[in-house]
Amino acid sequence: MDRSRMRSTVMDLQMYYNPELHGEVRLDTNTNVLGSNPAAAAYLRDFRGDLNGYPNTYSDGLRDALANLYGLERDNFVIGSGSDEMLDVSFKTFTEWGDGSVSPVPSYTLYEYFMKLNGGKCVGVDLDEDFQLDVDAMLKPKGKVIIMPSPNNPTGNCFRPKDVEEILNRTEGIVIVDEAYGEYADDTMVDRVNEFDNLIVLKTFSKAYAMAALRVGYAVASRSTAEMMNCVKIPYSVNMVSEGAAIAAVKDQDFIKRSKQMVKEQRPLLSAGLKRLGFEPFPSDSNFILAKAPIDHAELVAKLKQKGVLIRDFGSKRRTENCIRTTVGTEELNKLLLSKIEEVLSEC
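Figured I'd write up the structure that's included with this text. (Residues numbered from 1 in each chain as written. Predicted model: local features only at pLDDT ≥ 70, side-chain atom pairs only at ≥ 80, totals over all residues. Heavy atoms only, no water.)

1. Here's the deal with empty space enclosed by the protein
- In total, this model carries 1 cavity of 30 Å³ or more according to the counting rule given.
- If you add up the space inside the largest cavity, you get close to 40 Å³.
- Every residue lining the largest cavity is listed: Thr31, Asn32, Val33, Tyr184, Ser259, Met262, Val263, Asn287 and Val328.
- Looking at the lining of the largest cavity residue by residue, the class counts come to 5 nonpolar, 4 polar and no charged. (1 Å grid on protein atoms, 1.4 Å probe; cavity = no way out; pocket = protein on both sides within 12 Å on 5 of 7 lines; lining within 4 Å. Points joined across faces, edges and corners; volume = space filled by probe spheres on them. Nonpolar A, V, L, I, M, F, W, Y, C, P; charged D, E, K, R; others polar.)

Shown next, in the form of structure tokens:
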């Protein structure tokens, strides 16, 4: 069967990044290199729940835990199966078929996927030379939804809060700030959701919280905005096991502090090591570094995989030509990565 049977808006979509694995060290997904969240793991070991019963419809227990963490209310939160579900729900709730949506270039590749999945038109707007938002350019297309990750993926930097605030004030559309890596940064828009009815902040348990396998994410918004999204999202989309583990993880903020401190210490060391090997790393506020490679990007990534280390290749994309992205590891992982890169460079 050919693709002519597919819906026209999704006909050109391709499958997402899915490398064949043979035990490689994974520095390509930006998960927490300290390993599984200890509080969540302990919860799973002791779980004695009734598997015959449905989970809470809207994950009220987790919404209460998050409300306590942020000093907000339960009704400010929408819980989903990863923040990717929250992306899908955002477009389903606030866009009509054919509406235009705006995202920066470069940014997270799945934004375009969810726009197209919901019949939207994608408008990419180039960041400036410092990978910061061009406010006027972001507003020019008059997108029904404007979405941006901060820290930005794959560049690693946070956007200036004043620029995000200006966009919020100057548009009638929905503004989504994706803070998937927000725990590693100093800036957040979560405390502004009751100030702006058109603001949605996305968060996830997949990165700093080290729970990617359990697929839990959430949106934070004004009560009226969150209520609309909860009406659209699939009931029971988060199972009771994942919700319980997430509640336990929220209560263990010491693990988040340790994770953030490790990245803060190791990121400049890794950046310096990459520079010594001829890379041009960009400034990062997250747990990963984007860097321009001294040799062909594809060859570097392929040869590192042969040596048992996976990093991400962004070298064929606009604005990140010949660039790679690597997770900031522990001291041991970073030494391993740099030594394997050195081997590849000597062979080339």
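Here the narrative resumes, following the displayed structure.
2. Here we look at the sheet that holds strand β9 (residues 280-281)
- Read from one edge of the open sheet, 4 strands run β9-β10-β13-β12, paired in antiparallel fashion. Both outer strands of the open sheet, β9 and β12 (312-313), are each paired with one neighbouring strand and no more.
- Sheet topology places β12 next to strand β13 (residues 323-327); 2 bridges connect them, and they run antiparallel. Bridge pairing in β13 places Asp313 opposite Ile324.
- Relative to strand β10 (residues 288-292), helix α9 (residues 253-276) is tilted by about 15°, and along the sheet it contacts β9, β10 and β13. (Pairing = 2+ DSSP bridges. Helix = DSSP H or I, 4+ residues; strand = E, 2+ residues; numbered from the N terminus. Contact = heavy atoms within 4.5 Å. Axes fitted to C-alpha atoms, helices over the stretch in contact; angles between N-to-C directions.)

3. Quick notes on the nonpolar core
- Ranked by internal contacts, the top residues of the largest apolar core, which has 54 residues, are Leu62, Met148, Ile167 and Phe205.
- The biggest single contributor to this core is helix α8 (residues 240-250), with 5 residues.
- With 21 residues, the next largest nonpolar core counts Met86, Phe94, Ala219 and Met229 among its residues. (Core = buried A, V, L, I, M, F, W, Y, C linked by side-chain atoms within 4.5 Å. Buried < 20%, exposed > 50% of the residue type's maximum accessible area, 1.4 Å probe, protein only.)

4. What about the sheet that holds strand β6 (residues 174-178)?
- Pairing is mixed in the open sheet, where 7 strands are placed in the order β2-β8-β7-β6-β5-β3-β4. Bordering the open sheet on either side are β2 (77-80) and β4 (121-126), each of which pairs with just one other strand. Taking each pair of neighbouring strands and ignoring which way they run, the sheet shows an average axis angle of 20°.
- In terms of strand pairing, strand β5 (residues 145-149) meets β6 through 5 bridges, oriented parallel. Each bridged residue has a counterpart across the sheet, and for Ile146 the counterpart in β6 is Val175.
- On top of the sheet, helix α2 (residues 60-70) reaches β2, β7 (199-204) and β8 (217-221); it is set at about 130° to β2, its chief contact.

5. Notes on the side chain of Asp178
- Along the polypeptide, Asp178 turns up in strand β6.
- The buried charged residue Asp178 lacks any salt bridge partner; its closest oppositely charged side chain belongs to Lys203, at an N-O distance of 8.5 Å.
- A polar side-chain atom of Asp178 sits 3.1 Å from the main-chain amide nitrogen of Ala180.
- Apart from the residues lying within four places of it in its own chain, the contact partners of Asp178 are Tyr108, Tyr111, Met148, Pro149, Ser150, Pro151 and Leu202. (Lys, Arg positive; Asp, Glu negative; His and termini not counted. Salt bridge = Lys/Arg side-chain N within 4 Å of Asp/Glu carboxyl O. Polar contact = N/O pair within 3.5 Å; in protein donor to acceptor, adjacent residues only side chain to side chain.)

6. Notes on α2
- Residues of α2 that are buried include every one of Asp60, Leu62, Arg63, Ala65, Leu66 and Ala67, and no others.
- Where α2 is buried, its residues meet β2, β8, α7 (223-232) and α8.
- Once α2 ends, the next one or two residues include Gly71, with phi positive near 70°.

7. Comments concerning the pattern of salt bridges
- For the structure shown, the criterion picks out 28 salt bridges.
- The shortest N-O distance in the salt bridge between Lys144 and Asp99 comes to 3.1 Å. With Lys144 in the loop between α5 (135-139) and β5 and Asp99 in the loop between α3 (82-94) and β3 (100-105), the pair connects residues that are 45 residues apart, well separated along the chain.
- The salt bridge involving Glu347 is made with Lys307; its shortest N-O contact spans 2.8 Å. Residue Glu347 is found in helix α11 (residues 331-347), and its partner Lys307 is found in the loop between α10 (297-306) and β11 (309-310); the two are separated by 40 residues along the sequence.
- Linked by salt bridges that have partners in common, Asp60, Arg63, Asp64, Glu73, Arg74, Asp75 and Arg223 make up one network.

8. Some words on the packing of α2 against α8
- Contact geometry of α2 with α8 gives a least axis separation of 9 Å together with a crossing angle of 15°. Put simply, α2 runs roughly parallel to α8. Like other packed secondary-structure pairs, α2 and α8 cross with a definite hand, here left-handed. Contacts between α2 and α8 pair Asp60, Gly61, Leu62, Ala65, Leu66 and Leu69 from the former with Glu243, Ala246, Ile247 and Val250 from the latter.
- Across the contact of α2 with α8, the residue classes break down as 7 nonpolar, 1 polar and 2 charged. (Parallel < 35°, antiparallel > 145°, perpendicular 65-115°, else oblique. Left-handed = near helix turned anticlockwise from the far one by under 90°.)

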